[in-house]
Amino acid sequence: MKLTILGGGGFRVPLVYRALSGGDVSELTLYDTDPARLGVVRSVLEQLGGRACGARGAAPLPPVRVADGLDDALRGADFVFSAIRVGGTAGRVRDELVPLAEGVLGQETVGAGGVLYGLRTVPVALGIAERVAAVAPRAWVINFTNPAGMVTEAMSEVLGERVIGICDSPVGLVRRAARAAGRDPDLFFGGGPRAAGSAAPSYDYVGLNHLGWLRTLHDGTEDLLPGLLGDADALAGFEEGRLFGADWLGALGSLPNEYLHYYYFRRESLAAVREADETRGAFLDHQQGAFFARAAKEPARAYDLWEATRLQREETYMADSRAASGGWQRDTCDLDGGGYDQVALALMRAIAEDRRTRLILNVRNGTTVPALPADAVIETVCEVGASGARPLPAAPLGPAELGLVLQLKAVERATIEAALFKDRTAALRALALHPLVDSPAVAARILERAAAI
């Protein structure tokens, strides 16, 4: 089985490589438009592979090949991981600062920043989809690229169901909620002890990428979620419980994805971002820039430098939202999210080996959310096998949740239209309809500042 990573110079690539032990991937191909970053990442992988070979009982990691171009990278691939960042971290900085100058939230996938990132990214992602269709039509594309739901939907216009989007936030939510409820998180992902005679564990999660809700968490005997939502001490013990607070979670009757903090606590989130010394994008721009520069000068230390940078990145994740909800540090349980690497590889192996696996993925809706078109990409629980990912039936969304989903899907589709056709009117509609912008005048000024269309 051959795997290609587009965006092979990306910071997360070593996480994927580290998880490839086992021999099912015969070759890993990397492609990136930035050769300097790609060279650093290759040094990290070489040192990571050397450590794996030196570990007793460790399975070998696959050989790494660097492709000469996009078509060369795609040719012969069974799976393609698309992890590109159009405009780099400098682009993310602009996506955040332009909206903030107009008094609204800028964030990589949420609000005006997410729309600006989508406008820049969708045309490139669509071009990749077209080359996959031409060069590797039997390949499965697993999309990491943000905004994941929007980009996956654009690529699906070319690739249909052979492109699947992933995010580690929903998996992390399920795992943290299970632990807080006193259960082994692995129980809900095919592992962990199961009581004799009990039904298969299950969970109900549905929405859009970075806009979903966990509504049930059934261990095979009972739904654990009502008890968890009524236990203030248990809620205080994990990330989402602290972000949203026991009172609001009890009122909602569900556990929201962490990114919904920007919607439910928009004033507090905006204030925290504006009071911070720098935006998240600026932090990552400085941090990753320093890492790549130092690792290029000290290639023998590339892996150790990468690992130290990665840990700092994880520890500071969503720092503004934590500041807005009282200020607290992430603990080891909060860091247990399964990770993009684990979700992607579980998906890949489920397809390649026809392992019947349930995962939360970004796929075409079908009939799961009746109010949305069948080809609209949603984020929900899917059953995965050799034929791909099939969304499972879900309980209806409540009126408030459905309203948000419909409004954000309109924003996503207007963004795709604007990106593909260079349509300023569609871009204005996407920004002005976003609930975190909610002003056509502000939207127009953001477009002018960003010169996006």
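Preceding this section is the structure that the text describes.
Residues numbered from 1 in each chain as written. Predicted model: local features only at pLDDT ≥ 70, side-chain atom pairs only at ≥ 80, totals over all residues. Heavy atoms only, no water.

Glancing now at the environment of Ala-67. By the element assignment, Ala-67 lies in the loop between strand E3 (64-66) and helix H3 (70-74). A relative accessible area of 10% means that Ala-67 is categorised as buried. Sequence-wise, Ala-67 and Arg-120 are 53 residues apart; in three dimensions their C-alpha atoms are separated by 24 Å. If we ignore the near neighbours within four places in the chain, the residues touching Ala-67 are Thr-29, Leu-30, Tyr-31, Asp-72 and Ala-73. (Helix = DSSP H or I, 4+ residues; strand = E, 2+ residues; numbered from the N terminus. Buried < 20%, exposed > 50% of the residue type's maximum accessible area, 1.4 Å probe, protein only. Contact = heavy atoms within 4.5 Å.)

Attention now moves to the nonpolar core. Ranked by internal contacts, the top residues of the largest apolar core, which has 49 residues, are Phe-81 and Leu-361. Counting residues per element, this core draws most heavily on helix H17 (residues 339-352), at 8 residues. Once residues lying within four places of it in the same chain are set aside, the contact partners of Leu-361 are Ile-164, Gly-165, Ile-166, Val-343, Leu-347, Ile-378, Glu-379, Thr-380, Cys-382, Val-384 and Ala-389. By size, the runner-up hydrophobic cluster in this structure holds 48 residues, among which are Leu-243, Leu-249, Ala-376 and Leu-436. (Core = buried A, V, L, I, M, F, W, Y, C linked by side-chain atoms within 4.5 Å.)

We now examine the packing of aromatic side chains. According to the stated counting rule, one finds 10 aromatic pairs in the structure shown. Residues Phe-81 and Phe-144 carry aromatic rings whose centres are separated by 5.2 Å and whose planes lie at 45° to one another, so their mutual orientation is tilted. Residue Phe-81 is found in strand E4 (residues 79-82), and its partner Phe-144 is found in the loop between strand E5 (140-143) and helix H6 (148-159); the two are separated by 63 residues along the sequence. Of the two residues, Phe-81 and Phe-144, neither departs from the other in class, the shared state being buried. With 5.9 Å between their ring centres and 20° between their planes, Phe-144 and Tyr-340 make a pair best called stacked. Of this pair, Phe-144 sits in the loop between E5 and H6 while Tyr-340 sits in helix H17, and the two are 196 residues apart along the sequence. Both residues of the pair, Phe-144 and Tyr-340, belong to the buried class. (Phe/Tyr/Trp six-rings, centres within 6.5 Å; stacked < 30°, edge-to-face > 60°.)

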